[in-house]
Amino acid sequence: MPTPAEFLTATQWAGLITLVAGAIATLGFLFQWGIRFRFVGITGFMAVLTVGLFALSLMPITRVEIPGAVRFSTVYDSGSTQVVIAVPPDITEEQLVATLQQAANDLFSPGRLGRSGENQMTIRARTVTHPQEGLTQLVYLGQVKRSLFDRNDDKMEISIF
């Protein structure tokens with residue numbers, strides 16, 4: 001995974017290429033070259049790319065991997081404080097705890113909205129069981145409550161049902 005320093009180096013190179021493309025576009029307009037409008041497009045594209053690389057140098061996309069976590073899928077996400085994930089029915093308690101921690105890290109976003117003063121996001125884990133032929137039952141296995149505002153929430157409340 002690239003580091004912020006590597007993104008900053010890429011930003012510098014992209015900025016340099018943007019300046020060169022801008023200079024060529026300016027020369028193209030001065031000397032009425034037919035390629036001048038292409039260089040205007042190249043300069044614009046490189047400017048957007050440079051700004052994006054600079055933003056990634058401030059805070060890169062990182063993913064924390066929790067040991068023991070199993071794959072899960074998001075079943076419901078309100079975009080604010082409520083999320084439901086699906087896990088396999090044969091999950092152990094240790095795997096469930098690790099998976100809830102993984103989901104809390106993966107689903108955190110500073111853009112989530114807290115409703116009416118709520119400052120915690122609740123992620124519930126559920127599975128599907130078949131106790132008898134033709135009968136399907138949803139079983140909630142546990143939940144984690146974490147802060148909506150602090151990425152490194154050390155006070156997550158994990159409950160196993």
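In this report, we go over the structure that sits alongside the text. No experiment lies behind these values; they were computed from the predicted model shown.

Positionally, Ser 57 belongs in helix α2 (residues 36-58). For Ser 57, a relative accessible area of 11% gives the class buried. A distance of 2.6 Å separates a polar atom in the side chain of Ser 57 from the backbone oxygen of Phe 54. With sequence-adjacent residues up to four places away left out, Ser 57 is seen in contact with Pro 4, Phe 7 and Leu 8.

Locating Gln 12 in the fold gives a position in helix α1 (residues 4-30). The spatial distance from the C-alpha of Gln 12 to the C-alpha of Leu 53 is 9.1 Å, given a sequence separation of 41 residues.

A few words now on the nonpolar core. Judged by nonpolar contacts, the single largest core of 15 residues is most densely connected at Ile 85 and Ile 123. Of all elements in the fold, only β2 (82-86), α3 (93-106), β3 (120-132) and β4 (135-147) reach the threshold of two or more residues within this core. Looking at this core element by element, the count peaks at four residues for α3. When neighbours within four sequence positions are excluded, Ile 85 is seen to be in contact with Phe 72, Ser 73, Thr 74, Val 75, Thr 99, Leu 100, Ala 103, Leu 107, Ile 123, Arg 124, Ala 125 and Arg 126.

The periodicity of an α-helix, 3.6 residues per turn, causes residues three or four positions apart to be oriented the same way. An ideal rise of 1.5 Å per residue puts 39 Å on 27 residues; α1 measures up with 39 Å between its terminal C-alpha atoms. Along α1, the positions that sit buried rather than exposed are Phe 7, Thr 11, Ala 14, Gly 15, Thr 18, Ala 21, Gly 22, Ala 25 and Gly 28. Considering only its buried residues, α1 is in contact with α2. Backbone geometry just downstream of α1 places Gln 32 in the positive-phi region, at approximately 60 degrees.

With that settled, consider the sheet that holds β4. Spatial strand order, β1-β2-β3-β4-β5: five strands in an open sheet with mixed pairing. Every interior strand has two partners, whereas the edge strands, β1 (73-77) and β5 (157-160), have only one. Each strand of the sheet is rotated relative to its neighbour by a mean of 25 degrees, with strand direction disregarded.

Cut-offs and rules
Residues numbered from 1 in each chain as written. Predicted model: local features only at pLDDT ≥ 70, side-chain atom pairs only at ≥ 80, totals over all residues. Heavy atoms only, no water. Helix = DSSP H or I, 4+ residues; strand = E, 2+ residues; numbered from the N terminus. Buried < 20%, exposed > 50% of the residue type's maximum accessible area, 1.4 Å probe, protein only. Polar contact = N/O pair within 3.5 Å; in protein donor to acceptor, adjacent residues only side chain to side chain. Contact = heavy atoms within 4.5 Å. Core = buried A, V, L, I, M, F, W, Y, C linked by side-chain atoms within 4.5 Å. Expected span 1.5 Å × (residues − 1). Pairing = 2+ DSSP bridges. Axes fitted to C-alpha atoms, helices over the stretch in contact; angles between N-to-C directions.

Shape descriptors only; they carry no functional weight alone.
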